[in-house]
Every structure is written in C-alpha cells, then in structure tokens.
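Below are the chains, spelled out letter by letter.
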Amino acid sequence: MSTYDAQGRPFEDRIWAGDLMARRFNAETVVLSACQTALGRDIGGEGLFSLRYVVLARGAQSVIASLWSVPDRSTSTLMQAFYKGLLEDHMQPESALTQAMRRSLKEGSRDPLFWAPFTATVASLK
C-alpha cells in the first residue's frame, strides 16, 4: 500500500476499510502499526467493523493492530522487537508481540501508552 497512485501522484495517506475490501491477503501476519487500526464502527449484528476485521476477512491468518494513537518512537522500538521475535526467533505473532511488550516495559517507560496499544488477533489456531 502506498500514498501514491499508479501514475505516481500523491493522494490522501489514510487507508479506509473500503480500500482493503478488494484485496486478498495471503499472509500469515499483517501488521497495521498506525494509530487506532483496531478500532472501527460497531455494526449491529456484525460487531466492530475495522481495518483489522477486513484484513482477517480477506485472508490474513493474524493481524497486529492498535487500540489508540501511538507515539512514533516507542512504536518503532516495539515493532523492531516484534519483528525480531517473529522473523528471527520464529515465534507466533501473539508471542512475539507479548515478548516485545515485556521488553518495552522493562527497558522503556512503565506507562502503558507506550507498550500496550497493540493487540494480536488470530483467525485460526494451527
């Protein structure tokens, strides 16, 4: 996904759930590390409709998404630790996220604003 169209022209950098409806996510994990990507509208009979919901519905096995606005610096540190656990240590996404959060709590701020905004949602267990 990009902030440029097919002709190379910049466009609004927000991604909406509708932008993802036509995509297929053949991925074990999709990370939505921007602000409030786990939030959305509550739709009667369906529940919460969010970017996370759409990505799962379109094929991803798991999604990492945020519950509130996230500070850039602490999110970068958290995501680096998450990807290390996921890609180098071959951990499951939810375990890699938990480990990254514990590391952030231990080495960074004790304020949950900085280490707790992200959730891991798993579509199916292996």
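For the structure itself, look to the data block above.
Computed from a prediction, not measured in an experiment: that's the story for all the values here.

Take unusual backbone geometry next. Phi is positive for Q36, which is not a glycine, with a value near 55 degrees. Looking at the secondary structure, you find Q36 in the loop between β1 (29–32) and β2 (40–43). Assessed through its relative accessible area of 40%, Q36 is described here as partly exposed.

Given 3.6 residues per turn, any residue in an α-helix points the same way as the ones three and four places further on. Taking 1.5 Å as the rise per residue, helix α4 (residues 93–107) with 15 residues should run 21 Å; its terminal C-alpha atoms sit 21 Å apart, in good agreement. Those residues of α4 that are buried are in contact with β1, β4 (62–66), α3 (72–88), α5 (112–115) and β5 (118–122).

Turning to the sheet that holds β4, a few remarks are in order. Taking strand neighbours across the sheet as the criterion, the three strands line up as β1-β4-β5 in an open arrangement whose pairing is mixed. Two strands bound the open sheet, and with one partner strand each, they are β1 and β5. In this sheet, adjacent strand axes meet at a mean angle of 15 degrees when their direction is disregarded. The sheet contact formed by β1 and β4 spans four bridges and is parallel. Across the sheet, the residue bridging to V31 is I64, located in β4. Across the sheet, α3 is in contact with β1, β4 and β5; its angle to β1 comes to roughly 175 degrees. Running at roughly 165 degrees to β5, α4 makes contact with β1, β4 and β5 of the sheet.

Direction vectors running N to C along α3 and α4 enclose 140 degrees, while the axes themselves pass 8 Å from each other. Judged by the angle between their axes, α3 and α4 are oblique. Both α3 and α4 take part in a crossing whose hand is right-handed. Listed contacts from α4 to L78, A81, F82, G85 and L86 of α3 are P93, A96, L97, Q99, A100, M101, R103 and S104. Here the contact of α3 with α4 is built from residues that sort into nine nonpolar, three polar and one charged.

What counts and how
Residues numbered from 1 in each chain as written. Predicted model: local features only at pLDDT ≥ 70, side-chain atom pairs only at ≥ 80, totals over all residues. Heavy atoms only, no water. Helix = DSSP H or I, 4+ residues; strand = E, 2+ residues; numbered from the N terminus. Buried < 20%, exposed > 50% of the residue type's maximum accessible area, 1.4 Å probe, protein only. Expected span 1.5 Å × (residues − 1). Contact = heavy atoms within 4.5 Å. Pairing = 2+ DSSP bridges. Axes fitted to C-alpha atoms, helices over the stretch in contact; angles between N-to-C directions. Parallel < 35°, antiparallel > 145°, perpendicular 65-115°, else oblique. Left-handed = near helix turned anticlockwise from the far one by under 90°. Nonpolar A, V, L, I, M, F, W, Y, C, P; charged D, E, K, R; others polar.

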